[in-house]
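Per-entry structural report
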Amino acid sequence: MKICQVEGTLVATARISGLQNRRLLVVKERGSSGKQVAVDPVGCKPGDWVIAVGSSAARDAAGSKDYPSDLTIVGIIDYWDETARASESARTSA
Amino acid sequence: MQIFRVVSELVTTKRNFWLSAKPLRVVEDCFGNLEVALDPIGAKSGDFVVTIGLSAARVAAGNPKITTDLTIGGIIDHWDEDSWR
């Protein structure tokens, strides 16, 4: 599972029928610069730190084996202090 | 899922049986890397799209037997270069 931060919602009106009317969110994985899109069955706000599953587990996590998702949010992390963690890892690597 | 921009269409007359007659698109990511994606919805050049990868790409194509690892899932309504890069 990946730790990601939610950036905002993504609106895509023209979509394949398999995606249904599920909410899509733009997320940024911790420690990487690229943005990804995840299906959100949980209900997250922008700024939330979340855990997301990939590969075929993402399909099951979205509700059914036939749902076409490769990244699905499975939980919102209650407490996550990114600045504290970043300084901690800098200290251990030094 | 990832955000790509459609660059152009791609025509391959001689192809694997399980790719059937679905259209293909050349797409680029935010770093300019090119990939080929199956397009079941009809995206135009310049459109920003959400793509589905891994095994879910085959489900998204409508038939799990279709041999693809990247399928366009939707056209994004509002997106610009600044939020992309």
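Just so it is clear, the structure is predicted and the values come from calculations on it, not from any experiment. (Residues numbered from 1 in each chain as written. Chains lettered and ligands numbered in written order. Predicted model: local features only at pLDDT ≥ 70, side-chain atom pairs only at ≥ 80, totals over all residues.)

The helix and strand inventory of chain A stands at 2 helices and 6 strands. Reading the secondary structure of chain A in the N-to-C direction produces β-β-β-β-β-α-β-α. Relative to its 94 residues, chain A shows a buried fraction of 34%. Long-range contacts, defined as pairs at least 24 residues apart, comprise 47% of the intrachain contacts of chain A with a sequence gap of at least 6. (Helix = DSSP H or I, 4+ residues; strand = E, 2+ residues; numbered from the N terminus. Buried ≥ 20, exposed ≤ 12 C-beta atoms within 10 Å, placed from the backbone. Contact = placed C-beta atoms within 7 Å.)

Attention now goes to the pairing of strand β4 (residues 48–53) of chain B. Residues and elements named next belong to chain B. Judged by how many residues are buried, β4 sits mostly within the fold: 6 of 6 residues are covered. A two-sided burial pattern is seen for β4, the buried positions comprising Phe48, Val50 and Ile52 on one face and Val49, Thr51 and Gly53 on the other. With 4 bridges connecting them, strand β1 (residues 2–10) and β4 associate as antiparallel partners. Residue Gln2 lies in a different strand from β4, and its bridge partner there is Thr51. By the bridge criterion, 5 bridges tie β4 to strand β5 (residues 70–75) in an arrangement that is antiparallel. Considered in β5, the bridge of Gly53 is made with Leu70. (Pairing = 2+ DSSP bridges.)

Attention shifts here to the interface of chain B and chain A. Between chain B and chain A, the residue contacts involve 20 residues of the former and 24 residues of the latter. At the level of elements, β1, β4, α1 (56–60) and β5 of chain B are the ones that each hand at least two residues to the side of chain B that touches chain A. Residue composition of the side of chain B that touches chain A, by class: 13 nonpolar, 6 polar and 1 charged. One ladder, built from 2 bridges, connects strand β2 (residues 14–15) of chain A with β5(B); its direction is antiparallel. Looking across to β5(B), one finds that A:Ala14 is bridged to B:Ile75. (Nonpolar A, V, L, I, M, F, W, Y, C, P; charged D, E, K, R; others polar.)

One finds A:Ala38, B:Val49 and B:Val50 to be the most contacted residues of the largest nonpolar core, which totals 44 residues. Those residues in contact with A:Ala38 that sit more than four places away from it in its chain are A:Leu25, A:Val27, A:Ala52, A:Leu71, A:Thr72, A:Ile73 and B:Met1. (Core = buried A, V, L, I, M, F, W, Y, C linked by C-beta atoms within 7 Å.)

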